[in-house]
Amino acid sequence: MPEPAPALTRTRLVQAAKELLWARSFQGTSVDEICSRAGARKGSLYHFFPSKIDLAIAAIEASWADAKAGTFEPIFSSGPGGLEQLRRLLDAVDRLQQQVSRKSGAYLGCPFGGLGQEMAHQDERLRATLERIFDAHCDYFERAIVAAVERGEIPPCDTRRKAEEVFALFEGALLIAKVANDPARFRDLAGAAVAGLA
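The model shown is predicted, which means the values in this text are computed figures rather than measured ones.

Draft legend 1. Unusual backbone geometry, seen in detail. For Ser25, which is not glycine, the phi dihedral falls at a positive 90 degrees. For Ser25, the location among the structural elements is in the loop between helix H1 (6-24) and helix H2 (31-38). For Ser25, a relative accessible area of 24% corresponds to the partly exposed category. Here the phi dihedral of Asn181 falls at roughly 50 degrees; this positive angle occurs in a residue that is not glycine. By the element assignment, Asn181 lies in the loop between helix H8 (159-180) and helix H9 (183-195).

Right under this line is the structure:
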């Protein structure tokens, strides 16, 4: 089959991997399926990526770049800060998950958490990439918590530790909603986590 220009081929491979790894998992997604969705030959995949792991790393880095640009930066770089930013993040995640759920027929949960549960002990480079992405999530959470302390919304605390706790609660809520296949579970549980800060 004729293929698009090389740069576009790479972009399509990464996009296909993003979608399939989130929906089906690493082990549940074959290289052939990724190539088919991307409209690319297997040789093209291995031209850009030495292995399926390398493609997975590129896919999750692209997913995080999209999440930062589309969700985290707009939310955490505007407004008064504090707890309202965490509420806005909850709303944005809830909207995205429900949109994807309607399209896929299943609640997919966190693409980073799902891959981490599956692959953290299978490949060190993938584990390290996911750990870095989790730390970056916590950087945003900490910005909101620092602002919440400064505004008197919550008592003084170890803001990094609190950010990690709230992020863990968000991740847990996403996992519970995925297992239940029920978007309402995320909103209820993550909402309670934010409310509990005050």
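Draft legend 2. Focus on empty space enclosed by the protein. Throughout the structure, instances matching the rule amount to one cavity of 30 Å³ or more. Roughly 60 Å³ of internal volume is contained in the largest cavity. Counting residues per element, the ones that place at least two in the lining of the largest cavity are H1, helix H4 (52-76) and helix H6 (111-119). Counting residues per element, the lining of the largest cavity draws most heavily on H1, at four residues. For the lining of the largest cavity, the residue count by class is seven nonpolar, one polar and one charged.

Draft legend 3. Seen up close, the layout of surface pockets. Roughly 890 Å³ of internal volume is contained in the largest pocket. Taken together, 33 residues line the largest pocket, and the ones lying closest to its centre are Trp22, Leu96, Gln97, Val100 and Pro111. Elements with a minimum of two residues in the lining of the largest pocket: H1, H4, helix H5 (83-104), H6, helix H7 (124-150) and H8. Taken together, the residues of the lining of the largest pocket break down into 18 nonpolar, eight polar and seven charged. The set of elements that each furnish at least two residues to the lining of the second largest pocket consists of H6, H7 and H8. When grouped by side-chain class, the residues that make up the lining of the second largest pocket number eight nonpolar, six polar and four charged.

Reading guide: rules and limits
All residue numbers refer to position in the chain's written sequence, counted from 1. Restriction of local features to residues with pLDDT of at least 70 applies here, the model being predicted, together with a cutoff of 80 or more for giving and counting side-chain atom pairs; totals for whole chains, interfaces and linings are based on all residues. The side-chain numbers reported here are obtained from all heavy atoms of the structure, hydrogens and water having been left aside. Strands here are runs of E lasting at least two residues and helices are runs of H or I lasting at least four, both read from the DSSP assignment and numbered beginning at the N terminus. Throughout, exposure labels follow a simple rule: accessible area from a 1.4 Å probe, protein chains only, divided by the maximum for the residue type, with under 20% read as buried, over 50% as exposed, and the rest as partly exposed. Definitions used for this entry: grid spacing 1 Å over protein atoms alone; cavity, a set of points where a 1.4 Å probe fits but cannot get out; pocket, an open set with protein on both sides within 12 Å along at least 5 of 7 lines; lining residue, one with an atom within 4 Å of a point. Grid points are joined across faces, edges and corners, and a volume is the space filled by probe spheres set on the points. In this classification, Asp, Glu, Lys and Arg are treated as charged, Ala, Val, Leu, Ile, Met, Phe, Trp, Tyr, Cys and Pro as nonpolar, and every other residue, Gly included, as polar.

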